[in-house]
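Chains, contacts and geometry: an overview
Chain residues, written in single-letter form:
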Amino acid sequence: MKQYSDLEFLRLSKWQRFCYKFLAFFAAIPRAIANFFINIGKGIKKCCLRVAAEFRDIGQTFVNGDWKTKVSFLVMGFGNLTHGQILRGVMFLLFEAVFIFYMIFTGGYWLSMLPSLGKQGPTNDYDAIYDSYTTHYHDNSFKILLYGVLTIFFIVAFIYTWRMNVKQCKIIDQITKKGGKLKGSRDDLRSLVDESFYKTLLALPLTGILVFTVLPIVFMILVAFTNYDGAHNGFSNNLFTWVGLDNFNTLFSWQSAGGGQSYSATFGEILTWTLIWAFLATFTNYFLGMFVAMMINKKGIRLKKMWRTILVLTVAIPQFISLLYVSKMFARNGLINLALGPQGLGWISQPLPFWEDPTWARVTVILVNVWIGIPYLMLITTGILMNIPADLYESAKIDGANAWQQYRKITLPYMLFITGPYLLTSFTGNMNNFNVIYLLTGGAPTNPAASGAAGSVGYTDLLITWLFKITTGAESQYYLASVVGIMVFVVVAVISLVVYNVLPSIKNEEDYQ
Amino acid sequence: MSKNENTSKRHMGIKAANRLSNGAIYVLLILISVIWLIPFVFIVLQSFRVESTYQVGYVVPHQWGLQNYINLWNSDFKRWYLNTFIIALASAVLVTIIQLCMSYTLSRFRFKMRGPLMRFMLILGMFPGMLTMIILYRVLSDLGLTQANAVPGLILVGFASSGMGYYVSKGFFDTISRSLDEAARVDGATRLQVLYKIILPLAKPIVIYTILTAFMGPWGDYVFARYVAFGTSAGYNVAVGMYSWLTNDQINRMYTTFCAGGVIVAVPVTILFLCLQKYYVEGVTGGAVKG
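Residues numbered from 1 in each chain as written. Chains lettered and ligands numbered in written order. Predicted model: local features only at pLDDT ≥ 70, side-chain atom pairs only at ≥ 80, totals over all residues. Heavy atoms only, no water.

1. Brief notes about the overall build of chain B
Across its full length, chain B carries 14 helices and zero strands. Taken from N to C terminus, the helices and strands of chain B fall in the order α-α-α-α-α-α-α-α-α-α-α-α-α-α. Here the C-alpha atoms of chain B give a radius of gyration of 26 Å, more than 25% beyond the 19 Å that 2.2 N^0.38 yields for 291 residues. C-alpha atoms of chain B, sized along the principal axes, occupy 75 × 70 × 35 Å. In chain B, of all internal contacts separated by at least 6 residues, the share reaching a separation of at least 24 is 71%. As displayed, chain B has an accessible area near 13,400 Å², and 67% of this comes from carbon and sulfur atoms. Of the charged side chains in chain B, 24 are positive and 11 negative, and the gap between their average positions amounts to 7 Å. (Helix = DSSP H or I, 4+ residues; strand = E, 2+ residues; numbered from the N terminus. Rg over C-alpha atoms; globule rule 2.2 N^0.38 Å. Contact = heavy atoms within 4.5 Å. Areas by Shrake-Rupley, 256 points an atom, 1.4 Å probe, with all protein chains shown as cover. Lys, Arg positive; Asp, Glu negative; His and termini not counted. Charge placed at Lys NZ, Arg CZ, Asp CG, Glu CD.)

Here it is in structure tokens:
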């Protein structure tokens, strides 16, 4: 591909620049991949050097340190305790005690079971005393996987803490040799509301994220490599186990699934619709919302506040009410069909297939989404529109630009520049817009060709609603849901990466402050 | 014709054109208002319909009455409403605290792990949250926080993972000048004092915005709430409970009751929203875009 110099690039029209950047991005991919591997190599080298340096440092600390330091290698926090840093010492010691206690009593078991995810499932044993069969439960794959991951987290945390403990000893050595004064417990506590106030503030949120987001996501990624489903729930019926890449093979296989089309065809169809939906939902809302905002903002329009309030009102009403109501309004025997039908106005003899015909359903979903989304977009764009310097329009008017030209040359570029990142998040948000699709159609109408795929796939299903259906379906193929979830992540990540490289308005965040 | 007359004529032409386009805009705006309000007017009207409980082809009831609201009172709706209200109240407090801690820290402090942390959370946010539902359900059920006890479970999950939604309020904190902090620091204030003496008073709009969105969120929460409370009416929130009224076997009996429920849910939330509308608009326009 032809490389333009800066000057040549500036001479291109806006559209050509965009295309150029777009193509340049893809042209750069092979190179980026090569760089990626080179960087990995470099990273590994750097990592090795770093680890070596750490070990050297640890060794030096041990050799140079006094007996207190040497004891600290085994009894964490000993150095701190003997030098009067009671708080730190106690924390270290406590952490070590908890860790050892945990590893001996439960952690060891979970870790040893992790490679097999449990050896013995429930057994139905004959009980001679009562002359009956009773079920005995043994290993629990679910818990093994969960606590196994947790134990690994814990071990990493322990190694990190141990390293910190050694570092502390080194620092104490250095300071005492110079004859300086060590920070006491009081200083530590004070620093928590001052220099390291951020640690205090972040402690609770990050713990929450770690336990309720990171851990579950790691767990679910791992599930993609197991056969965890309703029939292998790991506890009361069968254990589940590692199956390698089998589930990815299932999703991408071209073989017919259960008499219907193949999984990869179903996946492709749903992915295509998801992308079309996300694109249309984002941009219809964006442009129509901007249009409404501009109408209300126009000079000479009265009652601006009233128009805005009417629209904002609809933001306040919980979505499930409006979506469910509208969904039933368009139903086969809903308000609209009844009102237009023979008993009502008599305009139609057959009910309109709003939710029964694939194309009708898709169009209706997008229209209803416009209804839901415009007020919000109107709010967002109103503020930005008012910020556009008025003299730009004045000078454009003097030059004889009409309203459309003003919009094309001033309003739109300005808006796109400011809202670029918002458009991206809104696009990915729409890809995962569960509520609108599920509450409106539930994915209907059903796609008969995909009958073999897990969950009953419909024409308006997004990947995210499909994932939900797989999870809650009769067979609960959690492993497949997990694979679909990983694919959603991949798609979102790739789109974000591409757009971030093409968009002009990714600014340095420090510029704001 | 003198030059003067000519310009004034052209002026009048522009004025007339302007009046015409304004007229068109008024027509459009009225149309838009009608389209946007009509479903809600319909819900209110149908909630007073007595003669039938299923969907009909007209809107104005033939017979008015409060039968649907009485049905509502006699159903499990009270319990669902209370559940949702408790969740909303708890999340208004807890989620707000978590999100403000997170966004304030990321906006104001420069520490070694800040960049990696923000990138990490950006990547984390690309995973569909629904994926974690399965395991969260199993964990909650081990803790005994599902089915009838779904309320504490939903509060716990809702607030524990809310730190990820810091973008809007961080965008707002970024707009408060950092020289204020520095001035106070020079005068000897600790970081904690800077936060509650200087930043919080200035950040009132975003605090109210966060409380408002945190309070309104649970009223529409459907999917996880259904997953956690599945099959046990006592643990439902309004969304899950009222959804069950519109399933094929219930809809003909419960349709108008659903409308009445919708009114009862929407009215308080909407009034609260309208009172605090100013802050919401400020939050959305200030923080959401800059993010």
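There is more to say after this.
2. Brief notes about the interface of chain A and chain B
Between chain A and chain B, the residue contacts involve 93 residues of the former and 97 residues of the latter. Both sides together, the interface formed by chain A and chain B hides about 8,800 Å², and carbon and sulfur atoms give 78% of it. The interface formed by chain A and chain B holds zero salt bridges in total. Joining chain A to chain B, the criterion identifies nine residue pairs in polar contact (both at pLDDT 80 or more). Per-element accounting of the side of chain A that touches chain B gives the leading share, 17 residues, to helix α9 (residues 197-223) of chain A. The class makeup of the residues in the side of chain A that touches chain B is 64 nonpolar, 19 polar and ten charged. (Buried area = accessible area lost by both parts, 1.4 Å probe. Salt bridge = Lys/Arg side-chain N within 4 Å of Asp/Glu carboxyl O. Polar contact = N/O pair within 3.5 Å; in protein donor to acceptor, adjacent residues only side chain to side chain. Nonpolar A, V, L, I, M, F, W, Y, C, P; charged D, E, K, R; others polar.)

3. Looking at the packing of helix α3 (residues 77-108) of chain B against helix α10 (residues 204-220) of chain B
Residue and element names in this part refer to chain B. Look at α3 against α10: their axes get within 7 Å of each other, and the N-to-C directions meet at 145°. The crossing of α3 and α10 is right-handed. Residues Y81, T84, F85, I87, A88, L89, S91, A92, V95, T96, Q99 and L100 of α3 form the contact with α10, whose own contacting residues are V207, T210, I211, A214, F215, P218 and W219. (Axes fitted to C-alpha atoms, helices over the stretch in contact; angles between N-to-C directions. Left-handed = near helix turned anticlockwise from the far one by under 90°.)

4. Some thoughts on the domain arrangement of chain A
All names here are of chain A. Domain annotation of chain A identifies domain 1 (1-64), domain 2 (69-244) and domain 3 (263-506). Residue-level contacts link seven residues of domain 1 with nine residues of domain 2. Taking both partners together, domain 1 and domain 2 bury about 800 Å²; carbon and sulfur atoms supply 58% of that area. For the domain 1 face of the interface with domain 2, the top three residues by lost area are I58, T61 and F62, together amounting to 64%. Joining domain 1 to domain 2, the criterion identifies three salt bridges. Ionic pairing is found between E54 and R163, a salt bridge with its closest N-O pair at 2.5 Å. The interface formed by domain 1 and domain 2 holds three residue pairs in polar contact (both at pLDDT 80 or more) in total. Across the side of domain 1 that touches domain 2, the residue classes tally to three nonpolar, two polar and two charged. (Domains from an automatic or database assignment.)

5. Comments concerning the domain arrangement of chain B
Residue and element names in this part refer to chain B. Taken domain by domain, chain B holds domain 1 (3-67) and domain 2 (72-290). Put simply, the middle of domain 1 and the middle of domain 2, counted by C-alpha atoms, are 34 Å apart. Residue-level contacts link nine residues of domain 1 with nine residues of domain 2. Together, the buried faces of domain 1 and domain 2 total about 810 Å²; carbon and sulfur atoms form 61% of this surface. Contact with domain 2 buries surface across domain 1, with Q46, T53 and Q55 losing the most and accounting together for 51% of the total.

6. With respect to the packing of helix α11 (residues 263-297) of chain A against helix α12 (residues 304-316) of chain A
Residues and elements named next belong to chain A. Following both chains from N to C, one finds α11 and α12 inclined at 155°, their axes separated by 9 Å at the closest point. The orientation of α11 with respect to α12, classified from their angle, is roughly antiparallel. Residues V292, I296 and N297 of α11 form the contact with α12, whose participating residues are K304, W307, R308 and L311. Of the residues in the contact of α11 with α12, the class split is four nonpolar, one polar and two charged. (Parallel < 35°, antiparallel > 145°, perpendicular 65-115°, else oblique.)

7. Re the environment of B:Q250
All names here are of chain B. Structurally, Q250 can be placed in the loop between α12 (238-245) and α13 (251-275). Residue Q250 is classed as partly exposed on the basis of its relative accessible area of 21%. Here the alpha-carbon distance between Q250 and Y54, two residues 196 residues apart in the chain, equals 9.6 Å. Sequence-distant contacts of Q250, that is, excluding residues within four places in its chain, are made with S244 and W245. (Buried < 20%, exposed > 50% of the residue type's maximum accessible area, 1.4 Å probe, protein only.)

8. Examining a nonpolar patch on the surface
Residues and elements named next belong to chain A. Residues W15, F18, F22, F26, I29, I33, F36, F37, I40 and I44 make up a contiguous nonpolar surface patch of about 1,000 Å² in total accessible area. If you list the elements that add at least two residues to the nonpolar patch, you get α2 (14-27) and α3 (29-64). By residue number, the principal contributor to the nonpolar patch is α3, which donates six residues. Here W15 shows up in helix α2. (Patch = residues over 30% accessible without salt bridge, like charges linked within 9 Å, V, L, I, M, F, W, Y side chains within 5 Å.)

9. A word on unusual backbone geometry
Residues and elements named next belong to chain A. For L303, which is not glycine, the phi dihedral falls at a positive 55°. Along the chain, L303 turns up in the loop between α11 and α12. Look at L303 and you get exposed, because its relative accessible area is 53%.

10. With respect to the state of the cysteines
Residue and element names in this part refer to chain A. A full pass over the atoms with the stated rule returns zero disulfides over all chains. This cysteine, C47, is not joined by any disulfide, and C48 carries the nearest cysteine sulfur, 6.4 Å off. The class for C47 is partly exposed, based on a relative accessible area of 47%. (Disulfide = S-S within 2.5 Å.)

11. Considering the pairing of strand β2 (residues 132-136) of chain A
Residues and elements named next belong to chain A. Alignment of strand β1 (residues 123-127) against β2, held across five bridges, turns out to be antiparallel. Bridge pairing links Y126 to Y133 in β2. Between β1 and the antiparallel strand that follows it, β2, lie four residues; D131 among them carries a positive phi value of about 55°. (Pairing = 2+ DSSP bridges.)

12. Focus: the nonpolar core
Among the nonpolar cores identified, the biggest contains 212 residues, and A:W277, A:Y325, A:W466, B:F77 and B:V238 are the most heavily contacted of them. Those residues in contact with A:Y325 that lie beyond four places of it in its chain are A:L335, B:P39, B:F42, B:I43, B:Q46, B:Y255, B:F258 and B:C259. (Core = buried A, V, L, I, M, F, W, Y, C linked by side-chain atoms within 4.5 Å.)

13. Examining the environment of A:K70
Residue and element names in this part refer to chain A. Examined against the element boundaries, K70 turns out to sit in helix α4 (residues 67-72). Separated by 99 residues in sequence, K70 and C169 place their C-alpha atoms 9.1 Å apart. Once residues lying within four places of it in the same chain are set aside, the contact partners of K70 are F62, V63 and G65.

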